[in-house]
Each structure stands twice: as C-alpha cells, then as structure tokens.
Amino acid sequence: MPTISLCMIVKNEEMNLARCLDSVADLVEEIIIVDTGSKDRTVEIASHYTTKVYLHPWKDDFSDARNYSFSKAAMDYCMWMDADDILEEGEKDKFLKLKQSLTPDIDMVMMKYHTAFDEAGKPSFSYFRERWIRNCGLYRWIGAVHEVIPPKGRILYSDLGICHKKTGPGSPDRNLKIYQKLLAEGKQLEPRQQYYYGRELYYHEEYKEAVCVFEQFLLSEEGWIENKIEACAICARCYEKLGQEQAALLTLLRSMSFDLPRAELCCEIGKYFLEHESFYHAIYWYETALKIPKNEYSGGFILSDCYDYIPLLQLCVCYDKLGDRQKAKEYNERAGVCKPYSKAYLYNKQYFEGI
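What counts and how
Counting restarts for each chain: residues are numbered from 1 in the order of the written sequence. Per-residue local features are limited, in this predicted model, to residues with pLDDT of at least 70; the limit for side-chain atom pairs, both in listing and counting, is 80 or more; totals at the level of whole chains, interfaces and linings are taken over all residues. Only heavy atoms go into the side-chain values, all of them from the structure, while hydrogens and water stay out. A cavity here means a set of points on a 1 Å grid, drawn over the protein atoms and nothing else, where a 1.4 Å probe fits but cannot get out; a pocket is an open set with protein on both sides within 12 Å along at least five of seven lines, and a residue lines either one if it has an atom within 4 Å of a point. Grid points are joined across faces, edges and corners, and a volume is the space filled by probe spheres set on the points. Each helix is a run of H or I in the DSSP string that is no shorter than four residues. Each strand is a run of E no shorter than two, and both are numbered from the N terminus. Amino acids are sorted into nonpolar (Ala, Val, Leu, Ile, Met, Phe, Trp, Tyr, Cys and Pro), charged (Asp, Glu, Lys and Arg) and polar (every other residue, Gly among them). Each residue is assigned to one of three classes by its accessible area relative to the maximum for its type, calculated with a 1.4 Å probe on protein chains only: buried under 20%, partly exposed between the two thresholds, exposed over 50%. The pairing criterion for strands is at least two bridges between them, as found by DSSP. By definition, a salt bridge exists where a carboxyl oxygen of Asp or Glu is found within 4 Å of a side-chain nitrogen of Lys or Arg. By definition in these notes, contact holds between two residues if any of their heavy atoms fall within 4.5 Å. Here, axes are lines fitted to C-alpha atoms. For helices the fit covers the stretch in contact, and angles between N-to-C directions go from 0 to 180 degrees. Roughly parallel means an angle under 35 degrees; roughly antiparallel means over 145; roughly perpendicular covers 65 to 115; every other angle is labelled oblique. Note on convention: the crossing is left-handed when the near helix lies turned anticlockwise from the far helix by less than a right angle, right-handed when the turn is clockwise.

Novice: I keep staring at the layout of surface pockets and nothing clicks. Help me out?
Specialist: Any empty space left between atoms is shown by rolling a water-sized probe over those atoms. There is about 270 Å³ of room inside the second largest pocket. For the second largest pocket, the lining is made up of 16 residues, of which Glu-226, Pro-261, Arg-262, Glu-264 and Tyr-307 are closest to its centre. If you list the elements that add at least two residues to the lining of the second largest pocket, you get helix 8 (225-241) and helix 10 (263-275). Of the residues forming the lining of the second largest pocket, the biggest block, 3 residues, is contributed by helix 8. Classifying every residue of the lining of the second largest pocket gives 9 nonpolar, 3 polar and 4 charged.

Right under this line is the structure:
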C-alpha cells in the first residue's frame, strides 16, 4: 500500500483540530502540523498526535505555508486537510480500500469536498479537489489565497468525500485584505485569483467594484471555463443588488457563451423570471434544469439540489401561481421524493391537503 503524509497548516484551531485528527489519524502513516502563529492551545493539541509540529511565520500566503508543510513529508503521497475538515466514519472503509487498490502510477487523487449541507446533514454543495498528491518536486501550491495544485500527471477520481464543517465565523476579512495587499504592492492577479477576488468583493457587498473585476475577468481570453460560468452567476447577483435587473439577466444568459447550460445557472434564470412573475418563462428554465445531466467531473462547483429538488419545488410554485393546483401538487410530491424531510415540501403538502 502507498504511504500517506497528512500535511496541515493551522492557526488558533483548538476548537477543531482534535476533531479533525481523530477522524483520520489512524489511516495515515505520518502527521505534519505547521502552525503559523497560534495564541491558543493548538500546538499543544497537535503534539498529542505527532512529534512533527513545526512553527512557520505567516506571510499572508497560503501556498507558502502549504508548500512548507509538504516539504516536511516523507511518505509516498501528501494529503492536505484543514482543521475544520473531517472524514466521516462511514468513509473510513472507503479510504482504506482506496489505499489498498491504488496503483503506483497514480500521481494525484481527486476527492469530493463537501462544504455545505442541507437540513438533514446531507451534502448540498460539493466539488472535486486534489487530495492525495505524489510527494515529489513536480507539484507545488500556487495562489496566495484559494491556493491550488494544478492537476497534472495520471489522475484518479474517487467518490470518497471530505466534509468541511466550520464551527465558527472564521476570519471574514482575511482573504480580501490579502488581495488588497497584493494589489497595493503592484502585483497583478492571474485569472483564477481575479475570479476569487471578485467573489470576496461580493461577499463584502462591494458590488460596483466586484462587477468591474468580474467583467474584466469575463472579457479575458484566459481563465478556466467553470470559473467563467460561476463568475456570471455572482456578477448577476451584483447587478441585481445595484438595481440593474436587465444587466443581471443578460449576464446569466452570457454564461452559455462559454459552454452548454448548467442546471445551477438555469435555476438562477428561472428565479429571475419567477420573481418577475413571468411564470411560463420560469417554467421553461426550471424544466431545462431538470433535463441537464450532472457532471461532477467538470471540476466546477456542484449544487446538487439544482438538478432535481430546487427546480421541482419552484415548478410547484409556478403552476400554483398559474392556478394549476394538480400539476403544482405533482411537482411538490416529486420534490418530496428527493427530500421527504424538507420543511418547504412538508409545508406545501399541508397547503395542498387544505385545499
């Protein structure tokens, strides 16, 4: 079996670190913890799991810290996790089976990253990330924020999933400040970082500046298609916040200039028409969303509910608004098949039973 070094960078994670390490410590051969300036018990907790705890000055650069953690690894593959990540109990057997079956020619293993969950705790937002990376000099983290190792070599996609479960608000301004510092130093953001900078501006309600950044990114011939499509969705939300509704719609439609429609964008367009009481237009886009196959291997962000539950629930609303109660009820029941525990489905069910 291949050997694995778990490489982590941490700072002030006394509330999360033990939970993370307990979930995976017995599955890896080596644990490396790089602390970037904790003021709490993080280093003490880390020392209960490994002797390989290193102090590394924080330089406002996540790639720098992650590359340092990888430089300390001695096993065949480096695996990264954040302190608020966990490997669920039900995934441990899959983890071991993957180790047992992994052929020596694999350079990188991509695993699902679940970062949001519905009311029953099931993943509602997922995407693939590089998780096991061959321990050699060919693979380096890039990007001061939202760091990544560009996939290359022989890649294996696994359905094994890591769950990101935050227990606190984190540092909401950190990423934006790093980008602003880079720009103040005269550094130019490459396309991927430009996309994420636009997202940070959106989160901070700097909608005008976010639009400028996204428009520049969308006009560039460079950049990853999945980022372009997602940028259209977020830029449209910025236009909406600025009261420019026509620009919002055109930006959503613009996403299809980059590739075939995504269900996520179809739901956004359907929502636009639903809110403007153009119910037949909304129906068209929600029905289109239902017909689109889910491609989890595109590398983009996947909102699973956009491929069934959300369009079904919204079609229920549309047909109810049009007075077709029977069809509305049918769509609600189909939504209930997807999520029988959904409060919205149960509310609608009670509503139809009362008619």
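Here the narrative resumes.
Novice: What's the story with the pairing of strand 4 (residues 77-80) in this structure? I'm lost.
Specialist: It is a general feature of regular strands that their side chains alternate between the two faces of the sheet. Of the two faces of strand 4, the one lined by Tyr-77 and Met-79 and the one lined by Cys-78 and Trp-80 are each fully buried. Pairing of strand 1 (residues 4-10) with strand 4 involves 4 bridges; the strand directions are parallel. For Ile-4, the partnering residue across the bridge sits in strand 4 and is Tyr-77. Across 3 bridges, strand 4 lies against strand 7 (residues 123-134) in antiparallel orientation. Each residue of the ladder has a partner; that of Cys-78, found in strand 7, is Ile-133.

Novice: Looking at this structure, how should I read the pattern of salt bridges?
Specialist: Where charged atoms from two side chains of opposite charge come close, those side chains can pair. Scanning the model with the defined rule gives 25 salt bridges in all. Between Lys-59 and Asp-64 there is a salt bridge, and its shortest N-O distance comes to 3.8 Å. The exposure class of Lys-59 is partly exposed, given its relative accessible area of 48%. The salt bridge partner of Arg-325 is Asp-320, with a shortest N-O separation of 3.4 Å. A relative accessible area of 35% places Arg-325 in the partly exposed class. A relative accessible area of 17% means that Asp-320 is categorised as buried. Overlapping salt bridges bring together Arg-66, Asp-82 and Glu-147 as one network.

Novice: Any chance you could explain the environment of Leu-17 here in plain terms?
Specialist: Among the structural elements, Leu-17 can be located in helix 1 (residues 17-24). Considered as a pair, Leu-17 and Gly-223 are 206 residues apart in the sequence and their alpha carbons are 35 Å apart. Once residues lying within four places of it in the same chain are set aside, the contact partners of Leu-17 are Met-8, Val-10, Thr-42, Ile-45, Ala-46 and Ala-83.

Novice: How should I be thinking about the packing of helix 12 (residues 309-321) against helix 13 (residues 325-338) in this particular structure?
Specialist: When two helices pack together, their arrangement is given by the angle between the helix axes and the distance between those axes. Interaxial distance between helix 12 and helix 13 falls to 8 Å at its minimum, and their mutual angle equals 165 degrees. In this view, helix 12 runs roughly antiparallel relative to helix 13, as classed from their interaxial angle. Pair helix 12 / helix 13 crosses with left-handed handedness. Contact residues: helix 12 offers Tyr-309, Leu-312, Leu-313, Leu-315, Cys-316, Tyr-319 and Asp-320, while helix 13 offers Arg-325, Lys-327, Ala-328, Tyr-331, Asn-332, Arg-334, Ala-335 and Cys-338. Taken together, the residues that form the contact of helix 12 with helix 13 break down as 10 nonpolar, 1 polar and 4 charged.

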